[in-house]
Amino acid sequence: MFQNLIAGEWTGSNGAENINPSNTNEVVGLYASADAKDVANAIAAAKAAFPAWSRSGIWERHVILKKAGDEIMARKDELGALLAREEGKTLPEAIGETIRAAQIFEFFAGEALRLAGEVLPSVRPNIGVEITREPIGVIGIITPWNFPIAIPTWKIAPALCYGNTVVFKPADLVPGCSWAIVDILHRAGLPKGVLNLVMGKGSVVGQAMLDSPELAGITFTGSVGTGKRVAVSSVEHNRKYQLEMGGKNPMVILDDADLTVAVEAAANSAFFSTGQRCTASSRLIVTEGIHDRFVAAMTEKLKTLNVDDAMKPGTHIGPVVDEKQLKTDTDYIEIGKQEGAKLAFGGELIKRDTPGFYLQPTLFTEATNQMRISREEIFGPVASVIRVRDYEEALAVANDTPFGLSSGIATTSLKHATHFKRNAEAGMVMVNLPTAGVDFHVPFGGRKGSSFGSREQGKYAAEFFTTVKTAYTLA
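Quick caveat: nothing in here was measured; it's all calculated off a predicted structure. (Residues numbered from 1 in each chain as written. Predicted model: local features only at pLDDT ≥ 70, side-chain atom pairs only at ≥ 80, totals over all residues. Heavy atoms only, no water.)

**Q** Hey, could you go over the pattern of salt bridges for me, with residue numbers and the actual values?
**A** One pass over the structure, following the stated rule, counts 26 salt bridges. The residue Glu111 makes a salt bridge to Arg114 at a minimum N-O spacing of 2.8 Å. Between Glu300 and Lys303 there is a salt bridge; the shortest N-O distance is 3.0 Å. In this pair, Glu300 and Lys303 both sit in helix α10 (residues 288-303), three residues apart, roughly one turn of the helix. Exposure remark for Glu300: the relative accessible area of 45% places this residue in the partly exposed category. (Salt bridge = Lys/Arg side-chain N within 4 Å of Asp/Glu carboxyl O. Helix = DSSP H or I, 4+ residues; strand = E, 2+ residues; numbered from the N terminus. Buried < 20%, exposed > 50% of the residue type's maximum accessible area, 1.4 Å probe, protein only.)

Right under this line is the structure:
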């Protein structure tokens, strides 16, 4: 039994099995399930630990975060294998995500030593002004299942770096990586109560967090529906909140694109990580002059992708995360057919050596931007090709979405690339690159229905995890 961590003590006796989506006969581990009382205790512990931790020395924070990052990097193969087994991401992708987590901790270990403010003269004589940033208090962290080590890390690391205390609820599908991160930080020397882990159902644990007036802030990544509930509850309790809620990201392919570059970028964007990325491009918007060649080349590319056990060498795409998500994917495939889109490739369930949630990568053509498969986030290996006349129509279609996380273009035209970067209505823009795949030291986030609040990652994380104080002193 892997237990919850509350007030520095491992606790919990009721647990849930963590199942491997590549082999549903395998139980990855048994993880404790918290209840509302556990959440209340965790929040109380974090509140009690906040005064001392918020005033702790920057070297103490640096050492703990650096130590955590070093251990994650040293154990990257082990933790990557755990990630692949519990989430279904291929082993190379899982190890890459684990390395990214280590890099994030190392970055914020450095940021702990770079905490700074401003000293300014007042417009009044003999008065000095100091502007500083201070931690906001107890932070509630709620994370999704698709990046079970990277997303918790890019929330926990800055929260601790800037002197906040944490109550952390991971997705109940993937508790393993989260438990490992918390265990590493706990052993790295965090004082009791600074970081608390409460695993379990969102309807129980997450709701108890939303209902608590003691949280100074909540940072959430997940569905639009749950994000709205986080917002409503946060407004009620007058607390800070930060939302990342997915996307329906476009990848534009222009007539002048390098076909090989375009196909590689589109295939990676739409289908790698089983399409289970909020930055995945499920709308492939292709101009007429290259449309048929792109579809033919894309279809040939999909034939080469091997769908199998995430741990097997040579696997390009692992399983869908669980049965519920698999049903969502197959339901949308049927919706696409009913809407009149042409199923150009895939869409079938696959049997492998072990029982798992295996689905062929699915490509629709002759789709329109008004279809449900083009408007709603599917979160699986399903993409639609939308034919357009020219760049102007491509840009208009790309921006015609309630989301605005990531947007990509494949082109050899500097004019079009420059115009697209300036006019794509998204928080992140990629030129001749997949829409998924970002660096750990720069801001992450979107616009419109994709995000609310300040950006995550890099030095921009300070905007959410700190509050600004202005102090005046008479000389």
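That covers the picture; the talk isn't over yet.
**Q** Give a description of the sheet that holds strand β14 (residues 342-345) that names residues and reports values.
**A** Read across the sheet, seven strands follow the order β14-β15-β16-β13-β12-β18-β19 without closing on themselves; strand pairing throughout is mixed. Pairing within the sheet leaves two strands with one partner each, and these edge strands are β14 and β19 (428-431). Strand-to-strand twist of the sheet, defined as the mean angle between neighbouring strand axes without regard to direction, takes the value 25°. Note: β14 against strand β15 (residues 362-367), three bridges, orientation antiparallel. Looking across to β15, one finds that Phe345 is bridged to Leu363. Taken strand by strand, α10 contacts β12 (249-253), β13 (281-287), β14, β15 and β16 (382-388), and its axis lies near 140° from that of β13. Against the sheet, helix α11 (residues 323-339) engages β14, β15 and β16, with an angle of about 25° to β15. (Pairing = 2+ DSSP bridges. Axes fitted to C-alpha atoms, helices over the stretch in contact; angles between N-to-C directions. Contact = heavy atoms within 4.5 Å.)

**Q** Please give an account of the packing of aromatic side chains that cites residues and values.
**A** Here the structure, examined in full by the defined rule, presents 10 aromatic pairs. Aromatic side chains Phe2 and Tyr31 sit 4.7 Å apart centroid to centroid with 15° between the ring planes, which places their arrangement in the stacked category. Placement of Phe2 in the segment before β1 (4-6) and of Tyr31 in strand β4 (residues 23-32) is noted, with a sequence separation of 29 residues between them. On the basis of relative accessibility, which here comes to 30%, the residue Phe2 falls in the partly exposed class. By relative accessible area, which is 5% here, Tyr31 ends up buried. An angle of 80° between the planes, with centres 6.4 Å apart, marks the rings of Phe108 and Tyr162 as edge-to-face. Here the residue Phe108 occupies a position in helix α4 (residues 91-112), and Tyr162 occupies one in the loop between α5 (150-161) and β8 (165-169), the gap between them amounting to 54 residues. Judged on exposure class, the residue Phe108 and its partner Tyr162 are both buried. One aromatic cluster is present, formed by Phe2, Trp10, Tyr31 and Trp179 through successive ring pairs. (Phe/Tyr/Trp six-rings, centres within 6.5 Å; stacked < 30°, edge-to-face > 60°.)

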